[in-house]
Amino acid sequence: TQLLEQSPQFLSIQEGENLTVYCNSSSVFSSLQWYRQEPGEGPVLLVTVVTGGEVKKLKRLTFQFGDARKDSSLHITAAQPGDTGLYLCAGEDAGNMLTFGGGTRLMVKP
Amino acid sequence: GAVVSQHPSRVICKSGTSVKIECRSLDFQATTMFWYRQFPKQSLMLMATSNEGSKATYEQGVEKDKFLINHASLTLSTLTVTSAHPEDSSFYICSALGLAGPKFTDTQYFGPGTRLTVL
């Protein structure tokens, strides 16, 4: 069974601060995906990283895939209240099955 | 593109009744659909993998006789929670696996979820 450990579980910060969310596993994944989920809605895909060492940027969000394709991080610069939500990482195996991390609940206070 | 719908979005039922949740891929065909369950303040847990025209594959600990899955077409999968009990109250989310191609590339597209409350 593949497991993804996501940390921190909860994060409450002030607007303008930076933060990093980590996703770690002992397993190798074909790709790793990051989602954001609002209450009462399904998860929305933010990015997919595929290549070891890959870095992708989405405005103030920077996603990195570890060289060994076992871990990933999400860094948010100058967080805004609109960034508040549940962030989920998910590792994808060769059969397109997703294993989700435990999630990071982010609250950005104005 | 790549829209997945779920119906109903919310349902409240009495204990002992059965509830059917539909998952549809609106603009693409999906031979594989997945059903997840999410309890409050927790992450998504895969319940089962549904393949069109064949029996679903259930994850360990998920009762196949309680959670009936039917994937009768390339755009529709249904999850029926039979004899529902309060502990079945949860947020049920489906996803559809887009077929490889120029538009949809081996990606799971998630539905908006169905909130089930069993009284």
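Look up a bit, the structure's there.
Since we're looking at a predicted model, the values are computed, not measured.

(A) Up close: the overall build of chain A. Counting its secondary structure elements, chain A contains zero helices and 11 strands. Reading the helices (α) and strands (β) of chain A from amino to carboxyl end gives β-β-β-β-β-β-β-β-β-β-β. In terms of overall dimensions, chain A is globule-like: its C-alpha atoms have a radius of gyration of 13 Å, near the 13 Å expected for 110 residues. Its C-alpha atoms give chain A principal-axis dimensions of roughly 40 × 30 × 20 Å. The proportion of buried residues among the 110 residues of chain A is 43%. When the accessible surface of chain A is split by element, carbon and sulfur atoms take 51% of a total near 5300 Å².

(B) Structural detail: the sheet that holds strand β1 (residues 4-7) of chain B. All names here are of chain B. If you walk across this open sheet you meet the four strands as β1-β3-β8-β7, and the pairing is antiparallel. Strands with a single pairing partner mark the edges of an open sheet, and in this sheet they are β1 and β7 (67-73). Neighbouring strand axes in the sheet, compared pairwise and without regard to direction, differ in orientation by 15° on average. In terms of strand pairing, β1 meets strand β3 (residues 19-25) through four bridges, oriented antiparallel. Of the residues in β3, the one forming a bridge with Q6 is C23.

(C) Spotlight on the state of the cysteines. All names here are of chain B. Overall, the coordinates contain two disulfides over all chains when judged by the stated rule. Sulfur-sulfur distance for the disulfide between C23 and C94 comes to 2.0 Å. Residues C23 and C94 are joined by a disulfide whose S-S torsion is about 80°; by sign, that bridge is right-handed. Of the two residues, C23 is situated in strand β3 and C94 in strand β9 (residues 90-97); the sequence distance between them amounts to 71 residues. Residue classification places C94 among the buried positions, given a relative accessible area of 0%. Here C13 stays free of any disulfide, with the sulfur of C94 as its closest cysteine sulfur at 18 Å. What makes C13 buried here is its relative accessible area of 9%.

(D) The arrangement of the interface of chain A and chain B in detail. Facing 18 residues of chain A, the contacting portion of chain B comprises 20 residues. Taken together, the two surfaces of chain A and chain B that pack against each other cover about 1300 Å², and 58% of this comes from carbon and sulfur. The largest per-residue losses of area from chain A upon contact with chain B belong to N96(A), M97(A) and F100(A), which jointly make up 32% of the total buried on that side. There are zero salt bridges connecting chain A and chain B. Put simply, the parts of the chain that give the side of chain A that touches chain B at least two residues each are β4 (31-37), β9 (85-92) and β10 (98-100) of chain A. The biggest single contributor to the side of chain A that touches chain B is β9(A), with three residues. Residues belonging to the side of chain A that touches chain B are distributed by class as follows: eight nonpolar, seven polar and three charged.

(E) Structural context of the environment of V44(A). All names here are of chain A. Its location among the elements puts V44 in strand β5 (residues 44-49). Linking V44 and Y22, residues 22 residues apart in sequence, is a C-alpha distance of 18 Å. Those residues in contact with V44 that lie beyond four places of it in its chain are W34, Y35 and R36.

Calculation rules
Residues numbered from 1 in each chain as written. Chains lettered and ligands numbered in written order. Predicted model: local features only at pLDDT ≥ 70, side-chain atom pairs only at ≥ 80, totals over all residues. Heavy atoms only, no water. Helix = DSSP H or I, 4+ residues; strand = E, 2+ residues; numbered from the N terminus. Rg over C-alpha atoms; globule rule 2.2 N^0.38 Å. Buried < 20%, exposed > 50% of the residue type's maximum accessible area, 1.4 Å probe, protein only. Areas by Shrake-Rupley, 256 points an atom, 1.4 Å probe, with all protein chains shown as cover. Pairing = 2+ DSSP bridges. Axes fitted to C-alpha atoms, helices over the stretch in contact; angles between N-to-C directions. Disulfide = S-S within 2.5 Å. Contact = heavy atoms within 4.5 Å. Buried area = accessible area lost by both parts, 1.4 Å probe. Salt bridge = Lys/Arg side-chain N within 4 Å of Asp/Glu carboxyl O. Nonpolar A, V, L, I, M, F, W, Y, C, P; charged D, E, K, R; others polar.

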